[in-house]
Amino acid sequence: MATTPELIDRPRVLVVGGGYVGLYVALKLQKKIANAGGIVTVVDPLPYMTYQPFLPEVAGGNIEARHAVVSHRQHLKQTELIQGRVTSIDHANRTAVIAPSDGGENFEIPYFDVVIAAGAITRTFPIKGLADKGIGLKTIEEAVALRNKVLERIEAASTMTDPAERAKALTFVVVGGGFAGIECLTEMEDLARAAVRNNPRIRQEEVRFILVEAMGRIMPEVTASQAEWVVEHLRSRGIEVLLNTSLDSAEGNLKLINLPDKTPAQEVEADTLVWAAGVQANPMIRSTDFPLEPRGRVRVLPDLRIAGDEGIVENAWAAGDIAAVPDLTGKGLPDGTCVPNAQHALRQAKKLAKNLWASRWDKPLHDYKHKNLGAVAGFGEWKGVANINLLGRIGLKGGLAWLAHRGYHGMAMPTVERKFRVIFGWILAFFAGRDTTQLMDLDNPRGAFVAAATPAPKPAAAPAPVEAKPVAEEVKTPVTADAK
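Rules and cut-offs
Residues numbered from 1 in each chain as written. Predicted model: local features only at pLDDT ≥ 70, side-chain atom pairs only at ≥ 80, totals over all residues. Heavy atoms only, no water. UniProt positions renumbered as here; feature names shortened; annotations may be inferred. Helix = DSSP H or I, 4+ residues; strand = E, 2+ residues; numbered from the N terminus. Axes fitted to C-alpha atoms, helices over the stretch in contact; angles between N-to-C directions. Parallel < 35°, antiparallel > 145°, perpendicular 65-115°, else oblique. Left-handed = near helix turned anticlockwise from the far one by under 90°. Contact = heavy atoms within 4.5 Å. Nonpolar A, V, L, I, M, F, W, Y, C, P; charged D, E, K, R; others polar. Pairing = 2+ DSSP bridges. Domains from an automatic or database assignment. Buried area = accessible area lost by both parts, 1.4 Å probe. Polar contact = N/O pair within 3.5 Å; in protein donor to acceptor, adjacent residues only side chain to side chain.

Q: Break down the UniProt feature "domain: FAD/NAD(P)-binding" (unreviewed entry) in the chain for me, with residues and values.
A: UniProt records the feature "domain: FAD/NAD(P)-binding" (unreviewed entry) at residues 12-345, using the numbering of this structure. Taken end to end, residues 12-345 is 27% helix and 30% strand, and its two terminal C-alpha atoms sit 23 Å from one another.

Q: Would you mind going over the packing of helix α5 (residues 140-157) against helix α7 (residues 179-197) in detail, with residue names and values included?
A: The geometry of α5 relative to α7 is characterised by a closest axis approach of 10 Å and an angle of 40° between their N-to-C directions. With respect to each other, α5 and α7 are oriented oblique. For the pair α5 and α7, the sense of crossing is right-handed. Note on element contacts: α7 touches α5 through C184, M188, L191, A192, A195 and V196, opposite L146, R147, V150, L151 and I154. Across the contact of α5 with α7, the residue classes break down as 10 nonpolar, no polar and 1 charged.

Q: Please set out the sheet that holds strand β25 (residues 392-397) residue by residue, giving values where relevant.
A: The 3 strands lie next to each other as β23-β24-β25, forming an open sheet whose pairing is antiparallel. Of all strands in the sheet, those with a lone pairing partner are β23 (374-378) and β25, marking the two edges. Here the strands of the sheet are splayed against their neighbours by 15° on average, with no regard to which way each runs. Relative to β25, strand β24 (residues 384-390) runs antiparallel, the two being bridged by 6 bridges. Paired with A386 across the strands is L396, a residue of β25.

Q: Mind laying out the domain arrangement of the chain, listing which residues take part and the relevant values?
A: Each domain of the chain was delimited in the assignment, giving domain 1 (12-122 + 280-371), domain 2 (124-277) and domain 3 (373-436). Contacts between domain 2 and domain 3 engage 21 residues on the former and 21 residues on the latter. Of the roughly 1600 Å² buried between domain 2 and domain 3, counting both surfaces, carbon and sulfur atoms make up 60%. Counting the contacts that link domain 2 with domain 3 gives 8 residue pairs in polar contact (both at pLDDT 80 or more). Looking at the side of domain 2 that touches domain 3, the elements with two or more residues in it are α5, α7 and α8 (224-236). Among the elements that make up the side of domain 2 that touches domain 3, the one with the highest residue count is α7 (9 residues). Within the side of domain 2 that touches domain 3, the residues separate by chemical class into 10 nonpolar, 5 polar and 6 charged.

Right under this line is the structure:
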């Protein structure tokens, strides 16, 4: 195993993951641990935390991509940062193995406490062609790619003369009727409308958006009546809503089936397929010696200490989407754990940091208990739905729900600096309108330079002129007297 002399030699709190939980645990503990002679170390493949509730607005062009992420280096000044992946943890020996993001040799790192905060990844199923044709909405890179894909397909379709190819370019399919899927779908549809208004060669009725949902209803986070209203709202915008429908294959055309009988539903030709059908715990947790529950999440107590059948695992903590945190309010998932969302992750992180610090001084630990404040969703400008639990349950639709969505997430965005960037961006967009500028060739930024730096091929030499052959003179036969 390679050694890394650059690492700080102090008792370490190792934080695995720099998302919601990792960022806030480090923010709350870095100064305290440093003053006590230790160090907080955050390991993540990315140099930033992504505020995922803003990804649909990034895909829709309402938020600048850089404003939806929080730099680790800028805000974790007293934290040791390592850009890489934790590939395994041996808690019995208090060591972890890290694979650097630059492709360097794996190395081992010791720790005193470990915080498992690796979050979740997109959950997929073994559907033929999905990996080749689909794209998720879990990263800032995916959101930017989606924005550019919508704009590029509309622009490309405007010059297509083949009706089938034109229809395929203008068809956008989203699989998954949860918050992420519907917010992504509606923001993309809003973006497409703005792009079509600027392009006289495309008619709005040519653009086709389809929502595919396997269940009989959408958005389980809101009431049944609100979910029905959302379906009506989507259809009023020309969006096709296919309930009790699943994607069977993405090879060639998208093949949809009815559920539960799995009979063929329809085939769709589409260039854009967005997969937003849920998440699963980061599989890195399987490479540890921590106890897991059936869904692959690490088992924890209400105070966020990892614990299994044999009792508490000392100096090991977990929170967020990767942890099965008991919901003491009784209003969580059917298995009694907290719903995996940003609202819980942010609050669990703060509670974990307090309990970890208290454990250093043998002070009492406190259980995590948070009453869900409700759910808010934006469907594009001045459109949305909200279910707010303050003085009873308050249901909102339309513009008020959209304002509640922006108000809540604007304040929930980590760090004051990022809040200002997002909010001032919204204010600017209110006066200047949605930016529909397409950024080209982000996947090949060197293309223009390579073309300029590559010598043009020399033109082929002109063929040598062919010399004309002299025409033979006609031989005249002298006329003799006999011929006369």
